[in-house]
Amino acid sequence: MSEANTPRFRSVLDRFTAYKPGKIVASPEGRSFKLSSNESPEGPLPSVLAAITEAATKVNRYPDNSSAALIEAIGARFGVPASHIAVGCGSVGVTQMLLEAVCEPGDEVVYAWRSFEAYPILVALAGATSVQVPLVDETHDLSAMADAITDKTRLVFVCNPNNPTGTVVRRAELEAFLDRVPADCLVVLDEAYIEYIRDPEVPNGLDLYRDRPNLAILRTFSKAYGLAGLRVGYMVAHPTVAEAIRKTYLPFSVNAVVQAAAIASLAATDELLTRVEGTVKERERVRATLIADGWTVPPAESNFVWLRLGEHTMDFSAACDAQGISVRPFPGEGARVSIGSPEENDAFLEVAHAFPHRNG
């Protein structure tokens, strides 16, 4: 069949690679530890599992398209009005909603690079142009990002902590940056990993947005809340922004089971945060062990660590694969390694100890 007889697709599809989730591997002995997707190593709490089970009995009905009960629970937990909240299918889904609401062809979106790998994909699909500003010392260069804003800039992503490097920007530098951003340019503070932050100088976005109408806060239930398999995220912003974002919502994309699970998770926040504290302690142990072993590992405020491996990245990934441990390699740059259970982390540390090419 000739090309003339086939459907025509958008040319943008020829210019990027679709998002690739973290892989699963197994050793010859059958061991399989997935440290490639920043997931919680623990399953749902009993109260959350009970809510999931109950909701599953009613999946013959459509979910509440407005997610009213979930939005009410988010608002109560964080002290924000319901009119300030929009929900979507994971924080990635909310990101897509944001771009659809804000961007038109020819508009620009500024973000650090390397940062969350879905940004360039979603920006391109929105018809906008990515403006990538290189990291400095594995961290956002907010001054350079502010310099990169032009009349065409409609949106700026600040991923804090940054995925995949785990680094953070602190209050003074973030506020100085926000002061430089034009009022008609939306800043999205992506706080997917905020529950893992222990640096007291890192601000909570919910404390910043109240006085800044062009600041939106993006969060997820996938990481600390352990609902990665169900997909729900949310945004908090001023009502004008939240209302615009809600207009782009794909009907029924936040299903009934996840709405129930997220509400139950919010009710069990204290218990969930105890689990998070265990992950934070493991993160510090893993990082300290790597540093003692000769690795350079940037300070991490997330549930993963970053290894700058350069040209040895794929060799390191292959060494991990051979032992049944999947990590997230970025060819020519480095590897992101999720913090798992103590057993999983110990297995990873054994591979790292044996690998000869530390830090690229």
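Check the entry above for the structure.
The shown structure was predicted, so the numbers you read here are calculated from the model rather than taken from an experiment.

Analysis parameters
- Residues numbered from 1 in each chain as written.
- Predicted model: local features only at pLDDT ≥ 70, side-chain atom pairs only at ≥ 80, totals over all residues.
- Heavy atoms only, no water.
- Helix = DSSP H or I, 4+ residues; strand = E, 2+ residues; numbered from the N terminus.
- Rg over C-alpha atoms; globule rule 2.2 N^0.38 Å.
- Buried < 20%, exposed > 50% of the residue type's maximum accessible area, 1.4 Å probe, protein only.
- Contact = heavy atoms within 4.5 Å.
- Areas by Shrake-Rupley, 256 points an atom, 1.4 Å probe, with all protein chains shown as cover.
- Lys, Arg positive; Asp, Glu negative; His and termini not counted.
- Charge placed at Lys NZ, Arg CZ, Asp CG, Glu CD.
- Phe/Tyr/Trp six-rings, centres within 6.5 Å; stacked < 30°, edge-to-face > 60°.
- Core = buried A, V, L, I, M, F, W, Y, C linked by side-chain atoms within 4.5 Å.
- Pairing = 2+ DSSP bridges.
- Axes fitted to C-alpha atoms, helices over the stretch in contact; angles between N-to-C directions.
- Parallel < 35°, antiparallel > 145°, perpendicular 65-115°, else oblique.
- Left-handed = near helix turned anticlockwise from the far one by under 90°.
- Arc of directions from axis to C-beta.
- Patch = residues over 30% accessible without salt bridge, like charges linked within 9 Å, V, L, I, M, F, W, Y side chains within 5 Å.
- Salt bridge = Lys/Arg side-chain N within 4 Å of Asp/Glu carboxyl O.

Details of the overall build of the protein
Stage number 1. Within the protein, the regular secondary structure consists of twelve helices and twelve strands.
Stage number 2. Here the C-alpha radius of gyration of the protein, 21 Å, is about what a compact globule of 360 residues would show, namely 21 Å.
Stage number 3. Reported as C-alpha extents along the three principal axes, the dimensions of the protein are approximately 60 × 55 × 50 Å.
Stage number 4. In the protein, which comprises 360 residues, the share counted as buried stands at 54%.
Stage number 5. Of the contacts made within the protein by residues no fewer than 6 positions apart, 73% connect residues no fewer than 24 positions apart.
Stage number 6. For the protein, the exposed area adds up to about 16000 Å²; of that, 53% sits on carbon and sulfur atoms.
Stage number 7. Charge-centre separation for the protein: the mean point of 33 positive side chains lies 4 Å from the mean point of 45 negative side chains.

A few points about the packing of aromatic side chains
Any pair of aromatic rings gets described here by the distance separating the centres and the angle formed by the planes.
Stage number 1. Counted according to the given criterion, the structure contains 13 aromatic pairs.
Stage number 2. A ring pair is formed by Tyr-62 and Phe-252, whose centres lie 4.5 Å apart and whose planes are at 25°; its orientation type is stacked. Note that Tyr-62 is positioned in the loop between α1 (46-56) and α2 (68-78) and Phe-252 in the loop between α8 (239-246) and α9 (256-267), a separation of 190 residues in sequence.
Stage number 3. Owing to a relative accessible area of 68%, Tyr-62 belongs among the exposed residues under this scheme.

Some remarks on the environment of Glu-311
Stage number 1. For Glu-311, the position within the fold is in the loop between β9 (304-308) and α11 (313-322).
Stage number 2. Given the relative accessible area of 68%, Glu-311 is considered exposed.

Remarks on the nonpolar core
Stage number 1. Core analysis: the biggest nonpolar cluster contains 81 residues, and Val-158, Phe-177, Phe-221 and Met-235 have the highest contact counts within it.
Stage number 2. Counting residues per element, this core draws most heavily on α9, which supplies six residues.
Stage number 3. Ignoring sequence-local partners within four residues, the contact set of Phe-221 consists of Leu-70, Ile-74, Gly-226, Leu-227, Ala-228, Val-232, Tyr-234, Ala-262 and Leu-266.
Stage number 4. Residues Phe-33, Ala-335, Leu-349 and Ala-352 belong to the second largest nonpolar core, which totals 23 residues.

Details of the sheet that holds strand β5 (residues 153-159)
Stage number 1. Read from one edge of the open sheet, seven strands run β2-β8-β7-β6-β5-β3-β4, paired in mixed fashion. Unpaired on one side and paired on the other, β2 (85-88) and β4 (129-134) mark the two borders of the sheet. When the angles between neighbouring strand axes are averaged without regard to direction, this sheet yields 25°.
Stage number 2. Where β2 lies against strand β8 (residues 233-236), four bridges are found, and the strand directions are antiparallel. Bridge assignment links Val-87 to a residue of β8, and that residue is Tyr-234.
Stage number 3. Relative to strand β3 (residues 108-113), helix α4 (residues 118-125) is tilted by about 170°, and along the sheet it contacts β3, β4, β5 and β6 (186-190).

Digging into unusual backbone geometry
Stage number 1. The omega torsion across Trp-113 and Arg-114 is 15°, close enough to zero to call that bond cis.
Stage number 2. Within the secondary structure, Arg-114 sits in the loop between β3 and α4.
Stage number 3. Here Asn-163 and Pro-164 are connected by a cis peptide whose omega angle stands at 25°.
Stage number 4. By the element assignment, Pro-164 lies in the loop between β5 and α6 (171-180).
Stage number 5. Of note in this structure, Asn-38 is not a glycine but carries a positive phi near 55°.
Stage number 6. Residue position: Asn-38 is located in the loop between β1 (33-34) and α1.
Stage number 7. Residue Asn-38 is classed as buried on the basis of its relative accessible area, which comes to 1%.
Stage number 8. Unusually for a residue other than glycine, Arg-231 sits at a positive phi of about 75°.

Overview of the packing of helix α10 (residues 269-292) against helix α12 (residues 342-354)
Stage number 1. Closest axis-to-axis distance for the α10/α12 pair is 11 Å, and the angle between their directions is 15°. Our classification of the angle between α10 and α12 gives roughly parallel. The hand of the α10/α12 crossing is right-handed. Contacts from Glu-282, Arg-285, Val-286, Thr-289 and Leu-290 in α10 reach Pro-342, Asn-345, Asp-346, Phe-348, Leu-349 and Ala-352 in α12.

Some thoughts on α11
Stage number 1. For α11, every residue scored as buried is listed here: Thr-313, Phe-316, Ser-317, Cys-320 and Asp-321. Projected onto a plane normal to the axis of α11, the buried residues spread over an arc of 140° and lie on a single side.
Stage number 2. For α11, the secondary structure elements touched by its buried residues are β9, β10 (325-326), β11 (328-330), β12 (334-338) and α12.
Stage number 3. Once α11 ends, the next one or two residues include Gly-324, with phi positive near 75°.

Topic: a nonpolar patch on the surface
Stage number 1. Taken together, the side chains of Phe-9, Leu-13 and Leu-125 make up a nonpolar region of the molecular surface, amounting to roughly 310 Å² of accessible area.
Stage number 2. Its location among the elements puts Phe-9 in the segment before β1.
Stage number 3. Phe-9 gets classed as exposed once you look at its relative accessible area, which sits at 65%.

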